[in-house]
Amino acid sequence: KAGVTQTPRYLIKTRGQQVTLSCSPISGHRSVSWYQQTPGQGLQFLFEYFSETQRNKGNFPGRFSGRQFSNSRSEMNVSTLELGDSALYLCASSSQGGNGELFFGEGSRLTVL
Amino acid sequence: SQQGEEDPQALSIQEGENATMNCSYKTSINNLQWYRQNSGRGLVHLILIRSNEREKHSGRLRVTLDTSKKSSSLLITASRAADTASYFCAITTNAGGTSYGKLTFGQGTILTVHP
């Protein structure tokens, strides 16, 4: 079974631009969560989608958004990039999305210059 | 602030020794999980312990949970150089409703195992 796939793995943007990151969950998993990892703040929850609906959201500004498609693939978008958005963005999938184990992708490393 | 706090922040040991990492949290939990992360890569789930469990084993891993003290420990026995990684505890709670997909992570312990 293929794992969680995130694209792109690395990207560089400049302040003010926007970025879209993609995540393909494990086949059969309907829940996709997104996390931001930075040296200063550690791992922080962004949002969770299940069957195309956002069920949970972390404490991030509205510049951070996401969506999920009918095939469970998910995208997250960050608009008007700031230097502080430089981070490793991790996607995780699970079969139920409740309190169980999450399966993480390798992440998308975003650098904002 | 992070609900899960871990200590030590860094741990350096020799191969064959045991490694113990501790995690404390501030709220009631549904479960507590431990994850491993190799440098700059994704997280790998190690073990999950539910709030009504006190101890769990998986291979060379032993996790304990003390809900009265709001703390957990992860023991890795007979460490190997390949165990070198960052280890994170993560909690799920029902504060404010079901915590769909939301794990609250500690800051992690960096484990270095010297051959």
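You'll find the structure just up there.
Computed from a predicted structure; not experimentally measured.

## Considering the interface of chain A and chain B
Then comes step 1: Opposite the 24 residues of chain A that make contact, chain B presents 23 residues.
Then comes step 2: When chain A packs against chain B, close to 1900 Å² is buried across both sides, 48% of that on carbon and sulfur atoms.
Then comes step 3: Glu 106 of chain A is the partner of Arg 41 of chain B in a salt bridge, and the nearest nitrogen-oxygen pair spans 3.0 Å.
Then comes step 4: In this structure, the connection of chain A to chain B is made through six residue pairs in polar contact (both at pLDDT 80 or more).
Then comes step 5: Counting residues per element, the ones that place at least two in the side of chain A that touches chain B are strand E4 (31-38), strand E5 (42-50), strand E6 (53-57) and strand E9 (87-94) of chain A.

## So, the pairing of E9 of chain A
Residue and element names in this part refer to chain A.
Then comes step 1: Burial of E9 is extensive: eight of the eight residues sit out of reach of the surface.
Then comes step 2: The alternating pattern of E9 places Ala 87, Tyr 89, Cys 91 and Ser 93 and Leu 88, Leu 90, Ala 92 and Ser 94 on opposite faces, both of which are buried.
Then comes step 3: In the sheet, E4 pairs with E9 via seven bridges, with the strands oriented antiparallel. Each bridged residue has a counterpart across the sheet, and for Ser 33 the counterpart in E9 is Ala 92.
Then comes step 4: When E9 meets strand E11 (residues 108-112), the two strands line up antiparallel, connected through three bridges. Looking at E11, one finds that Leu 88 is bridged to Arg 109.

## What about the sheet that holds strand E7 (residues 61-66) of chain B?
Residues and elements named next belong to chain B.
Then comes step 1: Pairing is antiparallel in the open sheet, where five strands are placed in the order E1-E3-E8-E7-E6. Each end of this open sheet is capped by a strand with a single partner; those strands are strand E1 (5-7) and strand E6 (55-58). The sheet shows a mean angle of 15° between the axes of neighbouring strands, direction not considered.
Then comes step 2: Pairing geometry for E7 and strand E8 (residues 71-76), over six bridges, is antiparallel. In the sheet register, Leu 61 faces E8, and the bridge partner there is Ile 76.

Analysis parameters
Residues numbered from 1 in each chain as written. Chains lettered and ligands numbered in written order. Predicted model: local features only at pLDDT ≥ 70, side-chain atom pairs only at ≥ 80, totals over all residues. Heavy atoms only, no water. Contact = heavy atoms within 4.5 Å. Buried area = accessible area lost by both parts, 1.4 Å probe. Salt bridge = Lys/Arg side-chain N within 4 Å of Asp/Glu carboxyl O. Polar contact = N/O pair within 3.5 Å; in protein donor to acceptor, adjacent residues only side chain to side chain. Helix = DSSP H or I, 4+ residues; strand = E, 2+ residues; numbered from the N terminus. Buried < 20%, exposed > 50% of the residue type's maximum accessible area, 1.4 Å probe, protein only. Pairing = 2+ DSSP bridges. Axes fitted to C-alpha atoms, helices over the stretch in contact; angles between N-to-C directions.

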